[in-house]
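# Notes for the structure review
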Amino acid sequence: AWPHLLSIVYRLAGVSEPLSFVTTNLIFLTAIIVVYWIGVLLFHSRAAGLYSALVFTLTPEVLIWSNTVAAEPGAAAFAAAAVLSMLVFLRYRKTIFLLLTALILAYASQFRPESIMIGAVVGVLLMLEAPDELRHSRFWWIFALFVALIVPLLAHLFAVRSMGWGASGAKFSLSYFTSGNFRVNSLFYLVNMRFPLLFTVLFFLGLLLKDRVGCYLWRPRLVLIVWFLLFWGIFLFFYAGSYNYGADVRFSVLSAVPIAVLAGNGARNLGSLIARKLGTAVSHTIVTLIILGAFLPFLPFVRAISQEAWAARADHHFAHEMLPLLPDTAVVLTHNPNMFLVWGKNAAQA
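Scope of this entry: the structure provided in the associated data block.

## Some thoughts on the overall build of the protein
Helices and strands together make up the secondary structure of the protein, namely 16 helices and two strands. If you line up the protein on its principal axes, its C-alpha atoms span 70 × 55 × 45 Å. Looking at the 350 residues of the protein, the share that counts as buried comes to 48%. In the protein, the proportion of contacts linking residues at least 24 apart, taken out of those at least 6 apart, comes to 70%. For the protein, the accessible area works out to roughly 17700 Å², and carbon and sulfur atoms hold 69% of it. On the protein, the mean spot of the 23 positive side-chain charges and the mean spot of the 13 negative ones are 14 Å from each other.

## A word on the nonpolar core
By size, the foremost hydrophobic cluster in this structure holds 105 residues, and its most contacted members are Ile38, Phe56, Val83, Trp227 and Ile291. Not counting residues within four places of it along the chain, the set of residues in contact with phenylalanine 56 comprises Phe28, Ala31, Ile32, Val35, Val62, Ala256, Val257 and Ala260. Formed by seven residues, the second largest nonpolar core is a distinct cluster that contains Ala319, Val332, Phe340 and Trp343.

## Brief notes about the pattern of salt bridges
Taken as a whole and judged by the stated rule, the model has eleven salt bridges. Its salt-bridge partner being glutamate 72, residue arginine 250 comes within 3.1 Å of it at the nearest N-O pair. With arginine 250 in the loop between helix 11 (218-233) and helix 12 (256-278) and glutamate 72 in helix 5 (residues 72-92), this pair connects stretches of sequence that are 178 residues apart. Residues arginine 250 and glutamate 72 agree in their burial class; the two are buried. Among the salt bridges present, the one from aspartate 248 reaches arginine 250, with a minimum N-O distance of 2.8 Å. Assigned by exposure class, aspartate 248 and arginine 250 land together as buried. A network of salt bridges, in which partner residues are shared, links Glu72, Arg112, Glu114, Asp248 and Arg250.

## Thoughts on the packing of aromatic side chains
Applying the stated rule across the entire model yields 29 aromatic pairs. Note on phenylalanine 203 and phenylalanine 228: the rings are 5.7 Å apart at their centroids and 55° apart in plane angle, and the pair reads as tilted. Here the residue phenylalanine 203 occupies a position in helix 10 (residues 197-208), and phenylalanine 228 occupies one in helix 11, the gap between them amounting to 25 residues. For the ring pair phenylalanine 238 and tyrosine 239, a centre distance of 5.0 Å and an interplane angle of 75° mean the geometry is edge-to-face. Grouping residues by exposure puts phenylalanine 238 and tyrosine 239 together as buried. Among the aromatic residues, those joined into a cluster by ring pairs are Phe177, Phe182, Phe188, Tyr189, Phe195, Phe199, Phe203, Phe204, Phe228, Trp232, Phe237 and Tyr243. Cation over ring: arginine 161 sits above phenylalanine 158, and NZ or CZ is 3.9 Å from the ring centre.

Procedures and definitions
Residues numbered from 1 in each chain as written. Predicted model: local features only at pLDDT ≥ 70, side-chain atom pairs only at ≥ 80, totals over all residues. Heavy atoms only, no water. Helix = DSSP H or I, 4+ residues; strand = E, 2+ residues; numbered from the N terminus. Buried < 20%, exposed > 50% of the residue type's maximum accessible area, 1.4 Å probe, protein only. Contact = heavy atoms within 4.5 Å. Areas by Shrake-Rupley, 256 points an atom, 1.4 Å probe, with all protein chains shown as cover. Lys, Arg positive; Asp, Glu negative; His and termini not counted. Charge placed at Lys NZ, Arg CZ, Asp CG, Glu CD. Core = buried A, V, L, I, M, F, W, Y, C linked by side-chain atoms within 4.5 Å. Salt bridge = Lys/Arg side-chain N within 4 Å of Asp/Glu carboxyl O. Phe/Tyr/Trp six-rings, centres within 6.5 Å; stacked < 30°, edge-to-face > 60°. Lys NZ or Arg CZ within 6 Å of the ring centre and 35° of its normal.

The following block contains the structure:
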């Protein structure tokens, strides 16, 4: 889905390396709006939506990877769009919105191998809020359309099922869970180094605190927990799933939306407690400052150009510098033909 989306952008606006990054930036901005509406529709609160969007916007790894051309920001954004589309359908119960959900879900499923799991999240949401839909014919013909649209994806996943992906042993194993992935990927949210600890606190407040006096909305919380556990938990068993493994911390972006929405609900609940003593306007100000204050220490981390990928950056710079010396008829044999093709030179996979 990600190279397909880029190909559409290139066809409309021309092939350009900077345009690739702008596309990811626009996806990030769109995701912020989507997260806002998920918070509003799940918890029936604009405050929950605003705080959710703010937490998502200020999540350090989301900011970092939304300025790359990695697939993860698009995967997270389109998964969120599929959930939002289902929420809109549940609100209005119009066939057009159910059809839209199927179309977005089919596209969202194809960003990464595990992206197809967002179908389980959408399914849980439907079963919790509108199980009666299974009795209507419209659900089944739209579901059949969805299956037809992902047949190429299923065939592809089956065809590459035996590929090693660089693993020296099994790609997925319980041993990776016990040998460090669980510890590393749990501490990621607790040590306040790459993810604000206060966002984690707000996440648990959103999970545990009542939304109003005597009211605890358990169904939206269950949907968000399933969403988080699927896209966080899958990497606990993956050989390269540790957030400390190379650049694989980008996998955390895939579970950033459910974390942000629950944290946004926690911020709303915290604000409600403060409002009882100080008033609504003051509570909004305090909670917003708390979220901003939690992020500010991470600004140097977000802005840093660190040691990671220094050799790749040097290769990229050198290749671009040598580009004018290549005749137009040259064909570059390389492990990364993409950048030469984007620059307008012939290239083939070595």
